[in-house]
Amino acid sequence: MILLLAACATGDGAGQGTAADSGQEVQTPAAWDREDDAQPADHDLTVLQDALRSGIAALVVLDPTLLFQAYADSLGHGTESCPGLFPSVGVMTAWSADCTTPEGWGFSGRGQAAWFPSLTIEGRVFAPYGEFINSSTITHPSGAALLMDGSGMIEGWSEGSVDLLRASLLGTFAFTGGETEDWTDPGWLAAGPSVALDVERSEEGSGRTTSLEGGISGAFAEGIVAVRAEGLAVEEDGSCTATGALVLVGEDGQHYRLELPEGCVACAELLRADLSHGDRALGEACFDLSPLVAWTERPW
């Protein structure tokens, strides 16, 4: 085929005509001869303020241990043949099935995962330790279902007096059908978000630092469908400081960027980010990031 194309390209063109030969006018469009795409309208500043508040709240409650525990609890109701666990990579176990147990638990898809409240690896104690790669739906006898399509990990450990945690989630996760008496509280899974987020946390005495990169989808306000953290670091050690940025994403592709000043509770200029036309200031929006470090029960 390559030789044939070359021959056609280098031939003398005998017997071949062109549009110009027939008297037709030939127009060759240039790359710059096009109309600019219409820019989606800005959202109202009040809507964006509400979205910031809702988005921060969603990041705070996004606890991956709920997902790990719900998955582990469901496997506790499995049988030897359904879903039929077998050893996988490292400390993970795996399954691949489309079955229902006599008790009424359903397992469809495939997955591999590990979940330990405490685990020692090469002399280091992790509390907790979890990892998974899943594309599965697990159904409770009541009809409630856990959907996992993605991957995740969580590791907590100590170095001297410093407690550290590292976690990530990538994919779409949901719990449908409502709360069940013997399984799990849906929590943040009830919203069924798509997530692409990395989190690191350190804690020493009263000092806490939480760093986030990535975001989460959701209906945070009318027309706002996602919130994303970019280099976000929140630190509490007598006073709360924050650096980085928060980005809101509109349903028509709008991006609104908030560069954070030093304070965790503050107001800053909200920008409409536009690569083609430059950023535009829309007005001040206020935020409170202190919940990311001021908690009584650990998130993440």
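Residues numbered from 1 in each chain as written. Predicted model: local features only at pLDDT ≥ 70, side-chain atom pairs only at ≥ 80, totals over all residues. Heavy atoms only, no water.

Participant: Mind showing me how you'd approach the pairing of strand β6 (residues 129-139) here?
Facilitator: Sheet topology places strand β3 (residues 106-116) next to β6; 11 bridges connect them, and they run antiparallel. From the neighbouring strand, Arg110 faces β6, where its bridge partner is Ser135. Examined bridge by bridge, β6 and strand β7 (residues 145-159) share 11 bridges and lie antiparallel to one another. Its bridge partner being in β7, Ile138 is matched across the sheet by Leu146. With antiparallel pairing between neighbouring strands as the criterion, β6 and β7 make up a hairpin whose turn holds five residues, including Gly143 at a positive phi of roughly 105°. (Pairing = 2+ DSSP bridges. Helix = DSSP H or I, 4+ residues; strand = E, 2+ residues; numbered from the N terminus.)

Participant: What is the right way to read helix α3 (residues 64-75) from this model?
Facilitator: Because each turn of an α-helix spans 3.6 residues, side chains separated by three or four positions end up pointing in the same direction. Here α3 is 12 residues long and its end C-alpha atoms lie 17 Å apart, about the 16 Å a rise of 1.5 Å per residue gives. All of the buried residues along α3 are Pro64, Leu66, Leu67, Phe68, Ala70, Tyr71, Ser74 and Leu75. Its buried side turned inward, α3 meets β2 (93-100), β3, β6, β7 and β8 (162-176). (Expected span 1.5 Å × (residues − 1). Buried < 20%, exposed > 50% of the residue type's maximum accessible area, 1.4 Å probe, protein only. Contact = heavy atoms within 4.5 Å.)

Participant: Is there a simple way to explain the nonpolar core in this structure?
Facilitator: Inside soluble globular proteins, nonpolar side chains tend to come together where they are buried. In this structure, Leu67, Leu146, Leu169, Leu232, Val234 and Leu289 are the most contacted members of the largest nonpolar core, which totals 65 residues. With seven residues, the top contributor of residues to this core is helix α2 (residues 45-61). Both domain 1 (42-62 + 200-300) and domain 2 (67-192) contribute no fewer than three residues apiece to this core. Residues within four places of Leu169 in sequence aside, it is in contact with Leu62, Pro64, Leu67, Phe132, Ser151, Gly152, Trp188, Val195, Ala196, Leu197 and Trp300. Formed by five residues, the second largest nonpolar core is a distinct cluster that contains Leu119, Phe126, Trp157 and Leu164. (Core = buried A, V, L, I, M, F, W, Y, C linked by side-chain atoms within 4.5 Å. Domains from an automatic or database assignment.)

Participant: Looking at this structure, how should I read the pairing of strand β11 (residues 224-236)?
Facilitator: Regular strands show a simple pattern: their side chains alternate between the two faces of the sheet. For strand β10 (residues 207-221) and β11, the ladder comprises 10 bridges, and the chain directions are antiparallel. Residue Ser211 lies in a different strand from β11, and its bridge partner there is Ala233. Between β10 and β11, which pair antiparallel one after the other, the connecting turn spans two residues, and Gly223 there sits at a positive phi close to 85°. Between β11 and the antiparallel strand that follows it, strand β12 (residues 240-250), lie three residues; Gly238 among them carries a positive phi value of about 90°.

Participant: Could you clarify how one ought to interpret the side chain of Thr101 in this entry?
Facilitator: Tracing the backbone through its elements, the reader meets Thr101 in the loop between β2 and β3. Non-local contacts of Thr101, meaning those with residues more than four positions away in its chain, are made with His77, Gly78, Thr79, Cys82 and Phe107.

Participant: In this structure, what is going on with the environment of Phe107? I would like to understand it.
Facilitator: Along the chain, the position of Phe107 falls in strand β3. Distance in space between the C-alpha atoms of Phe107 and Trp95 is 9.2 Å, their sequence separation being 12 residues. Those residues in contact with Phe107 that sit more than four places away from it in its chain are Ser74, Leu75, Gly78, Cys82, Pro83, Trp95, Ala97, Asp98, Cys99, Thr101, Thr137 and Ile138.

Participant: Before we go on, may I ask you to explain unusual backbone geometry in this structure?
Facilitator: A cis amide bond links Cys82 with the next residue in sequence, Pro83, at an omega value of 10°. In this structure, Pro83 sits in the loop between α3 and β1 (86-87). Pro128 follows Ala127 through a cis peptide bond whose omega is 5°. With respect to the helices and strands, Pro128 occurs in the loop between β5 (124-126) and β6. The backbone phi angle of Glu122 is positive, close to 50°, even though this residue is not glycine. For Glu122, the position within the fold is in the loop between β4 (119-121) and β5. With a relative accessible area of 84%, Glu122 lands in the exposed category.

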